[in-house]
Amino acid sequence: MEEDNCPVCLEPVKENLCLNEICLTCRKIMCKNCLRGLDKCPHCRDEIDQGIIKDIKRAEEILEKHKDYKYIHMVYYVMACIYNEGDDIDNYNKYIKISADMGFSCALNSMARDLEDTEDYYKYLNQAVEKGCLTAIYNKAKDEFKKENFDSYKELITKVADNGLSSAQYALGVIFIEGELFDKDILRGVEYIEKAADNGHIEASFELSNIYYDGFEGFLEQDKEKAIKYVNFAAKNGHEMATFNLGIYHYFNKFYYEAFKWLKPLADKDNKSAKLIMGKSFIEMSELMGDFMLKEGLTIIAELADEKHPPALYELGLIYLEGNEIIDKNDKSSFILIKGAADLGYISSYAQLADMYLTGIGTEIDDKLASKYAIGSIMDALVSDVDIS
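Overview of the structure. Per-chain numbering applies: the sequence of each chain, read as written, is numbered from 1 onward. For this predicted model, a pLDDT threshold of at least 70 governs which residues receive local features, and a threshold of 80 or more governs which side-chain atom pairs are given and counted, while totals over whole chains, interfaces and linings are taken from all residues. Calculated side-chain values reflect all of the structure's heavy atoms, with hydrogen atoms and water omitted.

### Here's the deal with the overall build of the protein
And step 1. Helix numbering and strand numbering both begin at the N terminus, where a helix is a DSSP run of H or I of at least 4 residues and a strand a DSSP run of E of at least 2. From N to C terminus, the protein includes 20 helices and 2 strands.
And step 2. Considering the protein as a whole, with its 389 residues, one finds that 44% of them fall into the buried category.
And step 3. Long-range contacts, defined as pairs at least 24 residues apart, comprise 43% of the intrachain contacts of the protein with a sequence gap of at least 6.
And step 4. The protein chains shown are the only cover counted for residues, whose accessible areas, like all others here, come from Shrake-Rupley with a 1.4 Å probe. Accessible area of the protein: about 21200 Å², with a carbon and sulfur share of 49%. Only protein chains enter the calculation, and the probe is 1.4 Å; a residue is then buried if its accessible area is under 20% of its type maximum, exposed if over 50%, and partly exposed in between. Whether two residues are in contact is decided by their heavy atoms: any pair within 4.5 Å suffices.

Structure (structure tokens):
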């Protein structure tokens, strides 16, 4: 039947909202992946919200006019989810119970989740598992892990991962890479994480961006294009570390406006590392845009230094060491700031501080302290290069 095929990819779809969505206007079931990034239903062209149709009025209309709809149990479930997002717990409980009583697997799993600390938890969870709810099977797998039933855990998590559940794919990928429970298999682990990322798993996308950016020596070559693809997806979906990494990437590639665009939302949340890179970006942009950008950048870094942010102390110390159009060169101020960063444990400042003690820049020559900080810097570099996998 036509309504059993996704209108985008034309592949058969199942009554499983772990992998699919239902449009409450045209009542079509569609793959979640096919809906990602769309703002309109590809079949009826009605508006949707991030691939999920959430209009309660449309759901109520279906209940009034289409009670014989073959997927009415899914409509009840979607209504319950809508009410839950609106913190209408009474209506959520009402419609999730109706859907569960009609045997819908996702509703049964939700009932189990809601009753996790009660005797009815396994009653609903096992019913959802029997109905084939992938999320329920994954939850059962996690229960088996807690009980140290590792053979059962491996069987269940592999089953749901191979059936397309992104959270299970990501977890299984990490297990293969780390060599826990399964024999270590880097390439197979990356394959599962990439499947999860391609299915919209945000944390998997972030992890995969790091994997492709660094590569796995002897197993997987670096692929900067894929790294940027996946970090972009994670950042656009609100992953803060991905957002920061993307800002850093643009900064080091001298795309300062792009760096600012990604780092500004983090800076607005008082992320000091983001603020620091923004300040450095403004200083770099001042070569083209004038001293007002230099002043803005210096102000940001100085404010962070006043808050004893170690990297900002170090950066401001380097600025005083060289001087610029606004700040005069001042070796003593430079030494105080860089020493302050070192005293707070900022190891990146050790090499510069060792050189200052060795050459007497901003302080008296002190060979012992020069040696101490130089050794600290070298040891940190050695540790950073050690493969502990």
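### Topic: the nonpolar core
And step 1. Membership of the largest hydrophobic core comes to 40 residues, with the highest contact counts inside it found for F244, L263, L316, L353 and Y373.
And step 2. Listing elements by their share of this core, those giving two or more residues are α13 (240–252), α14 (256–267), α15 (272–289), α16 (291–306), α17 (310–322), α18 (331–343), α19 (350–359) and α20 (367–385).
And step 3. In terms of residue count, α16 provides more of this core than any other element does, 7 residues in total.
And step 4. Beyond its immediate chain neighbours, meaning those up to four positions away, Y373 contacts K339, A342, D343, Y350, L353, A354 and Y357.
And step 5. Grouped together as the second largest cluster of nonpolar side chains are 30 residues, Y69, Y71, A100 and Y124 included. We call a set of buried residues a nonpolar core when its members are Ala, Val, Leu, Ile, Met, Phe, Trp, Tyr or Cys and they connect through side-chain atoms within 4.5 Å of each other.

### Some points on unusual backbone geometry
And step 1. With phi around 65°, E148 is a residue other than glycine that occupies positive phi space.
And step 2. Residue placement: E148 occurs in the loop between α7 (134–146) and α8 (150–162).
And step 3. Given a relative accessible area of 58%, E148 falls into the exposed group.
And step 4. With a phi close to 65°, K308 is a non-glycine residue in the positive phi region.
And step 5. In this structure, K308 sits in the loop between α16 and α17.
And step 6. Looking at K308, the relative accessible area reads 56%, which means it is exposed.

### So, the packing of helix α9 (residues 166–178) against helix α10 (residues 186–198)
And step 1. Lines fitted to the C-alpha atoms define the axes, with helices restricted to the stretch that makes contact. Angles between their N-to-C directions range from 0 to 180 degrees. Two elements in contact, α9 and α10, have axes separated by 7 Å at closest approach and are oriented at 160°. As summarised for this structure, α9 and α10 are arranged roughly antiparallel, according to the angle between their axes. In this structure, α9 meets α10 at a crossing whose hand is left-handed. Note on element contacts: α10 touches α9 through I186, R188, G189, V190, Y192, I193, K195 and A196, opposite S166, Q169, Y170, L172, G173, V174, F176 and I177. If an angle is under 35 degrees, it is roughly parallel; if it is over 145, roughly antiparallel; if it lies from 65 to 115, roughly perpendicular; otherwise it is oblique. Whether a crossing is left-handed or right-handed is set by the direction in which the near helix is turned from the far one by less than a right angle, anticlockwise for left-handed and clockwise for right-handed.

### Comments concerning a nonpolar patch on the surface
And step 1. Patches here are clusters of residues that have more than 30% relative accessible area and form no salt bridge, with a 9 Å joining cutoff for like charges and a 5 Å cutoff for nonpolar side chains (Val, Leu, Ile, Met, Phe, Trp, Tyr). Whenever Lys or Arg places a side-chain nitrogen within 4 Å of a carboxyl oxygen from Asp or Glu, that contact is recorded as a salt bridge. Together, F145, F150 and L181 make up an exposed nonpolar region whose accessible area comes to about 240 Å².
And step 2. If you trace the backbone, L181 turns up in the loop between α9 and α10.
And step 3. Looking at L181, the relative accessible area reads 33%, which means it is partly exposed.

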